[in-house]
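# Survey of secondary and tertiary structure
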Amino acid sequence: MFLFDTIGWQSWAMWFVVLGALIALNEVTRRWKWAGIAFFVALPLVLTVFVWPTTAGEGSSTGTWFHWVKVYSALAGCLGFMLLRYVGRLSKNRWMLLFPALILALNIGEAVIRDFQVAGLQGMHDGVFMVGGVWNYMNGIAGILNALTICGWVGIIVSRDRAKDMVWPDMLWFWIIAYDLWNFAYVYNCVGDHAFYAGAALLISCTIPAFFLKKGAWLQHRAHTLALWMMFTMAVPTFVTSSQFAVQSSHDESALFVVSALSLIANVAVAVYQVRVIVTRRLNPLKDELFTHLRPYREVLEANAPLAVTTGSATGAGREDKPLAAV
């Protein structure tokens with residue numbers, strides 16, 4: 001195959017098991033606060049003390065600095081989002097609203113650094129087979145653009161339903177798709193033999209909920225599924241490397257180039273569109289929501305904002321109080 005070596009039926013079956021498990025656990029942890037505390041506080045403490053020092057030690061495919069930083073940064077995101085969701089005054093604090101954007105940018109930045117680091121590597125490094133090349137630089141640039149186009153955090157709200165989801169109306173489908181392409185390319189470039197699960201299944205597990213189960217809450221879905229996956233692979237690294245379900249990358253330079261090129265093209269397109277919106281609508285991306293004029297934005301706001309909502313003004317430069325029926 002172009003991206004991977006031969007994929008057996010048992011690997012396809014397990015791929016769907018992983019996808020379904022991540023979606024299901026995300027639904028559980030987002031709907032019930034006790035579940036979030038159990039999975040993102042209690043479980044990591046136990047794993048940190050009793051499991052990961054052994055399973056994710058030196059020489060393991062998950063024993064690199066990146067995996068340790070990634071698991072704790074993902075957990076930090078989950079906990080920060082829970083504070084924003086469940087502590088009422090924090091959801092109205094402008095500095096707290098900046099936290100989701102910062103933790104997202106931090107996670108992207110970690111991956112960009114790793115992409116650039118891998119560009120000069122060939123062969124086995126840190127338990128992973130590397131094929132470094134120009135594609136790493138291409139995708140690193142795509143990641144920088146993806147981070148720079150994070151926008152509209154001032155409009156983050158907590159949904160009015162019982163789940164109290166963290167909803168980001170300005171984070172729309174085109175940015176999410178560009179992120180998915182970039183992140184898959186990152187995993188494929190830097191941890192290629194993990195990409196069948198950590199690239200495809202993991203990314204789809206947060207994109208499906210964002211498009212069909214709870215629109216507007218993509219970042220919350222992403223943090224939950226990423227933390228769950230990282231905790232699992234840190235505890236059972238052989239699952240993606242040497243188990244009967246493991247799927248190896250093809251390590252084909254053409255495949256590496258193609259996935260990184262698609263990532264770069266998508267993120268350049270999003271950046272160009274965003275600049276156009278900023279210029280034509282005279283917006284400040286550090287203070288304003290950018291896409292209040294688009295239907296997907298307004299649909300998310302209508303579905304989640306309190307009955308007395310703040311909606312985008314004619315210019316999108318701010319919000320003015322209006323009853324929901326007027327949105």
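In this report, the structure presented in the accompanying data block is examined. Just so it is clear, the structure is predicted and the values come from calculations on it, not from any experiment.

Take the packing of helix α8 (residues 195–213) against helix α9 (residues 218–235) next. Put simply, α8 and α9 touch, their axes get as near as 8 Å, and they point 145° apart. The hand of the α8/α9 crossing is right-handed. Contact residues: α8 offers Tyr 197, Ala 198, Leu 202, Leu 203, Ser 205, Cys 206, Thr 207, Pro 209 and Ala 210, while α9 offers Trp 218, His 221, Arg 222, Thr 225, Leu 226 and Trp 229. Of the residues contributing to the contact of α8 with α9, the split by class is 10 nonpolar, 4 polar and 1 charged.

The topology assignment puts Arg 281 in helix α10 (residues 253–281). One buried charge, Arg 281, has no salt-bridge partner; the nearest side chain with opposite charge is Asp 170, at 7.4 Å. Separated by 3.3 Å, the side chains of Arg 281 and His 293 make a polar contact.

Time to look at the environment of Tyr 186. Turning to its location among the elements, Tyr 186 is positioned in helix α7 (residues 173–190). The buried category is assigned to Tyr 186, whose relative accessible area is 4%. Excluding residues that lie within four positions of it along the chain, Tyr 186 makes contacts with Phe 66, Ala 111, Arg 114, Asp 115, Asn 139 and Val 191.

A few words on α7. Counted at 1.5 Å a residue, the expected span for α7 with its 18 residues is 26 Å, and the 25 Å between its end C-alpha atoms agrees. In terms of burial, α7 is a largely internal element, 15 of the 18 residues being buried.

What follows is about the pattern of salt bridges. If you walk through the whole model with that rule in mind, you get 5 salt bridges. Between Arg 30 and Glu 27 there is a salt bridge; the shortest N-O distance is 3.1 Å. Here Arg 30 pairs with Glu 27, and both are found in helix α1 (residues 9–31), just 3 residues apart, close to one helical turn. With its nearest N and O atoms 2.6 Å apart, the salt bridge here joins Asp 165 to Arg 30. With Asp 165 in the loop between β3 (157–158) and β4 (166–167) and Arg 30 in helix α1, the pair connects residues that are 135 residues apart, well separated along the chain. There is no split in this pair, since Asp 165 and Arg 30 are both buried.

With that settled, the discussion passes to the nonpolar core. In a soluble, globular protein the nonpolar side chains are often hidden away together inside. Among the nonpolar cores identified, the biggest contains 96 residues, and Leu 104, Trp 175, Tyr 197, Trp 218 and Trp 229 are the most heavily contacted of them. Setting aside chain neighbours within four positions, we find Tyr 197 in contact with Ser 11, Met 14, Trp 15, Val 18, Leu 202, Trp 229, Phe 239, Val 240 and Phe 245.

Moving on, we get to empty space enclosed by the protein. In total, this model carries 5 cavities of 30 Å³ or more according to the counting rule given. Roughly 210 Å³ of internal volume is contained in the largest cavity. Together, 17 residues line the largest cavity, and Phe 66, Tyr 186, Val 187, Ala 198 and Met 230 are the ones closest to its centre. Elements represented by at least two residues in the lining of the largest cavity include exactly α4 (65–86), α7, α8 and α9. A per-element tally of the lining of the largest cavity places α9 first, with 5 residues. Partitioned by chemical class, the residues of the lining of the largest cavity number 11 nonpolar, 4 polar and 2 charged.

What follows covers the environment of Leu 283. Note that Leu 283 resides in the loop between α10 and α11 (295–304). Note on Leu 283: relative accessible area 8%, which makes it buried. Expressed as a C-alpha distance, the spacing of Leu 283 and Trp 229, which sit 54 residues apart in the sequence, is 38 Å.

Moving on, we come to the state of the cysteines. This model, assessed by the stated rule, comprises 0 disulfides. Residue Cys 78 stays outside any disulfide, its sulfur separated by 12 Å from that of Cys 206, the closest cysteine. Given a relative accessible area of 0%, Cys 78 falls into the buried group.

Within the secondary structure, Asn 107 sits in helix α5 (residues 94–118). From its side chain, Asn 107 meets the backbone oxygen of Ile 103 in a polar contact 2.9 Å long.

Moving on, we come to the layout of surface pockets. Within this model, the second largest pocket holds a volume of roughly 250 Å³. Around the second largest pocket sit 15 residues that line it, and Leu 22, Leu 25, Leu 228, Trp 229 and Phe 232 are the ones nearest its centre. Elements that contribute at least two residues to the lining of the second largest pocket include exactly α1, α2 (33–50) and α9. Among the elements that line the lining of the second largest pocket, the one with the most residues is α1, at 6 residues. Its residues assigned to classes, the lining of the second largest pocket shows 15 nonpolar, no polar and no charged.

The next point concerns the environment of Thr 233. Looking at the element boundaries, Thr 233 is found in helix α9. Judged by relative accessible area, Thr 233 falls into the buried class, the value being 3%. It is 16 Å that separates the C-alpha atoms of Thr 233 and Ser 205, two residues lying 28 residues apart in sequence.

Reading the values: the criteria
- Residues numbered from 1 in each chain as written.
- Predicted model: local features only at pLDDT ≥ 70, side-chain atom pairs only at ≥ 80, totals over all residues.
- Heavy atoms only, no water.
- Axes fitted to C-alpha atoms, helices over the stretch in contact; angles between N-to-C directions.
- Helix = DSSP H or I, 4+ residues; strand = E, 2+ residues; numbered from the N terminus.
- Left-handed = near helix turned anticlockwise from the far one by under 90°.
- Contact = heavy atoms within 4.5 Å.
- Nonpolar A, V, L, I, M, F, W, Y, C, P; charged D, E, K, R; others polar.
- Buried < 20%, exposed > 50% of the residue type's maximum accessible area, 1.4 Å probe, protein only.
- Lys, Arg positive; Asp, Glu negative; His and termini not counted.
- Salt bridge = Lys/Arg side-chain N within 4 Å of Asp/Glu carboxyl O.
- Polar contact = N/O pair within 3.5 Å; in protein donor to acceptor, adjacent residues only side chain to side chain.
- Expected span 1.5 Å × (residues − 1).
- Core = buried A, V, L, I, M, F, W, Y, C linked by side-chain atoms within 4.5 Å.
- 1 Å grid on protein atoms, 1.4 Å probe; cavity = no way out; pocket = protein on both sides within 12 Å on 5 of 7 lines; lining within 4 Å.
- Points joined across faces, edges and corners; volume = space filled by probe spheres on them.
- Disulfide = S-S within 2.5 Å.

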